[in-house]
Amino acid sequence: MRPTRMRTHGCGELRVQHAGQSVRLCGWVHRRRDLGGLVFLDLRDRSGIVQVVASPEAPSAHAAAQGVRAEYVVRVHGTVALRPAHTVNPKLPTGEVEVRADRLEVLNPARTLPFEIASGEVVEEGVRLRYRYLDLRRPSMQHNLLLRHRLAQAARAFLSAEGFVEIETPHLIRATPEGARDFLVPSRLHPGKFYVLPQSPQLLKQILMVAGFDRYFQLARCFRDEDLRADRQPEFTQIDLEMSFVEQDDVLELSERLVAHMVREVLGQEVSLPFPRLTYREALTRYGTDKPDLRYGLEITDLTEILGHSGVRLFREVAESGGAVRALRVPDQAAMGRKFLDELVELVTTEGARGLVHLSLTHNGARGPIAKHLAPGELDALCAATGARTGDLVLLVADAPERAASALGKVRQELARRLDLIPAGAYRFCWVVEFPLLEYDPEEGRYVAKHHPFTAPVDEDLPHLESDPLRVRAKAHDLVLNGVEIAGGSIRIHQRELQERIFRLLDLTPERAHERFGFLLEAFQYGAPPHGGIAFGFDRFVMLLAGEKTIRDVIAFPKTASATDLMMGAPSEVDPEQLREVHIAIVREP
Ligand code: ASP
């Protein structure tokens, strides 16, 4: 830590080579032990903890040390000394030294805290968020936010060196729905009109390409008024970037090097490049999800060809009606217990699949409800296709292909957890590409964009755009880390005609499209370069690298699951005068 007029060193910096130096330290009293004669204080600042000793030989320091309590803010004047050998603390980086206090000033006392900082006790999250400034004092939270800072710096340095320009885009923008609900900001100067907070800088970064900046990035705050899920926040941060005159491989290659740089700088680990690429179809077929976790095997195999004509009626019926028979080989689990199997069946049924059939390959042959209905040739083919051997368990689902896939995908994840197949500290990245451009939304009765409406279709699929829209693939890419989507992007449409064709498919009339995205369509008429980009969910990425389970633990001031800020008490009511100024009247639902 930099010396200031108040202090000479950071508490955590003192080492053997400082012995004999006189120092001034500032910080919080982490712990106090009064041994009658000597008073020991653990003094803490961001750099760490050091032991301070106050002895009766320095009476004023001793008396002051007797009076301090946990989390008092103090300044210590003293001399660094080597600790006697038997009191060296190998757990502390400063454990070989201590500071003998000559003087101790209380800069600020502290009330008794709602929870202890020093004990590392588990504190209920509501209390942590209510007293976030105390929670953030805890070493684990300090670690997380420093890691976040270093990742952000690494991203900035890398992208700047690659010729990207950091450009801020506004937070008060026009409503241009991109899927989620917007946060509205009423305009005082324009009664009845609203700004919205951006869901992402998507359109503005595309416009920056039209403006000729070639490469843009931003650590962008995004706002989405959605119902929150485990790792969602109403506001979150993206590393957002966009590049001109690129093909998809350029974006992927750049992103891979960015990620590798960040991991290297922050964790000192090498990730191997290039990342494996899976098409959306492959990901669903082999892993049952478009966010495959590649830290473990357990691949899904399609057995429709092999079992679709077998003696098992269910398999025949499903295969004849266009469904699929899919299987998961679970090594060495032939003896899996009834209870475990039942739980897996339940998991599959909650996923909407009809059921889960098991087949145990025991030393006495195949066992399980379908065993006797399989012809020997079929059993051999099943084993050859899945790689199953004696001692293994095979789990099968027969259903509509997507449902069979996603059900087994859930089983795969559950098995990995319960059978402890996930190696600690592993980072496995993969790309998922060739997403469908569109999905059909039965509730809205129309097609919707799978990524967003500005994503370019794969060229060779263009002829099917109107005739068979669901078959059209997109030049879109998601980056997945350990089963979590950490980035998504695409090559964009840069021609007005194609953009308008897509809007028509999405059931956006030219008037509506113009009303919402007129500025983009207009910009595209003045020489838009081919361009594409990606945005990384920064909070999630930090969470995974910090080894945390929730993004709340890597955000300084997060909201709760119900979108409230417990420390500030937001959202709150506002003064009626403030409402009048922005021309808003509150209508209470009866
Ligand atoms: N704007 C997109 C998103 O927020 C990312 C992108 O396509 O670059 O998901």
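Computed from a prediction, not measured in an experiment: that's the story for all the values here.

Caption draft 1: Main features of the pattern of salt bridges. Across all of its chains, the model carries 52 salt bridges by this definition. Close ionic contact of Glu 253 with Arg 257 constitutes a salt bridge, the shortest N to O distance being 3.1 Å. Residue Glu 253 and its partner Arg 257 are located together in helix α6 (residues 248-267), separated by four residues, close to a single helical turn. Its salt-bridge partner being Lys 475, residue Asp 459 comes within 3.2 Å of it at the nearest N-O pair. With a gap of 16 residues between them, Asp 459 in the loop between β19 (446-449) and β20 (476-481) and Lys 475 in the loop between β19 and β20 connect regions that are remote in the sequence.

Caption draft 2: Fine view of the site of the ligand. Every residue near the ligand is listed here: Ser 200, Gln 202, Lys 205, Arg 224, Gln 238, His 452, Gly 488, Gly 489, Arg 492, Ile 534 and Ala 535. Ser 200 places a side-chain nitrogen or oxygen 3.1 Å from a nitrogen atom of the ligand. Between an oxygen atom of the ligand and a side-chain N or O atom of Arg 224, the distance comes to 3.1 Å. Burial of the ligand by the surrounding chains reaches 85%, relative to a free accessible area of 270 Å². Here the residues of the shell around the ligand are counted per class, giving two nonpolar, six polar and three charged.

Caption draft 3: The arrangement of the pairing of strand β18 (residues 438-441) in detail. Strand direction decides the pairing type here: β18 and β19, joined by four bridges, are antiparallel. What sits directly across from Glu 439, in β19, is Val 448. In this antiparallel pair of consecutive strands, β18 and β19, the connection spans four residues, and Gly 445 shows a positive phi of 65°.

Caption draft 4: Structural context of the pairing of strand β13 (residues 324-330). With seven of seven residues buried, β13 lies mostly within the body of the structure. Side chains Ala 324, Arg 326, Leu 328 and Val 330 of β13 all project onto a buried face; the interleaved residues Val 325, Ala 327 and Arg 329 project onto the opposite face, where all are buried too. In the sheet, strand β12 (residues 300-302) pairs with β13 via three bridges, with the strands oriented antiparallel. Bridging from a neighbouring strand, Asp 302 pairs with Arg 326 of β13. Strand direction decides the pairing type here: β13 and strand β16 (residues 393-399), joined by seven bridges, are antiparallel.

Conventions and cut-offs
- Residues numbered from 1 in each chain as written.
- Predicted model: local features only at pLDDT ≥ 70, side-chain atom pairs only at ≥ 80, totals over all residues.
- Heavy atoms only, no water.
- Salt bridge = Lys/Arg side-chain N within 4 Å of Asp/Glu carboxyl O.
- Helix = DSSP H or I, 4+ residues; strand = E, 2+ residues; numbered from the N terminus.
- Near = heavy atom within 4 Å.
- Polar contact = N/O pair within 3.5 Å; in protein donor to acceptor, adjacent residues only side chain to side chain.
- Areas by Shrake-Rupley, 256 points an atom, 1.4 Å probe, with all protein chains shown as cover.
- Nonpolar A, V, L, I, M, F, W, Y, C, P; charged D, E, K, R; others polar.
- Pairing = 2+ DSSP bridges.
- Buried < 20%, exposed > 50% of the residue type's maximum accessible area, 1.4 Å probe, protein only.

Honestly, that's just the spatial picture; any functional story needs more than this.
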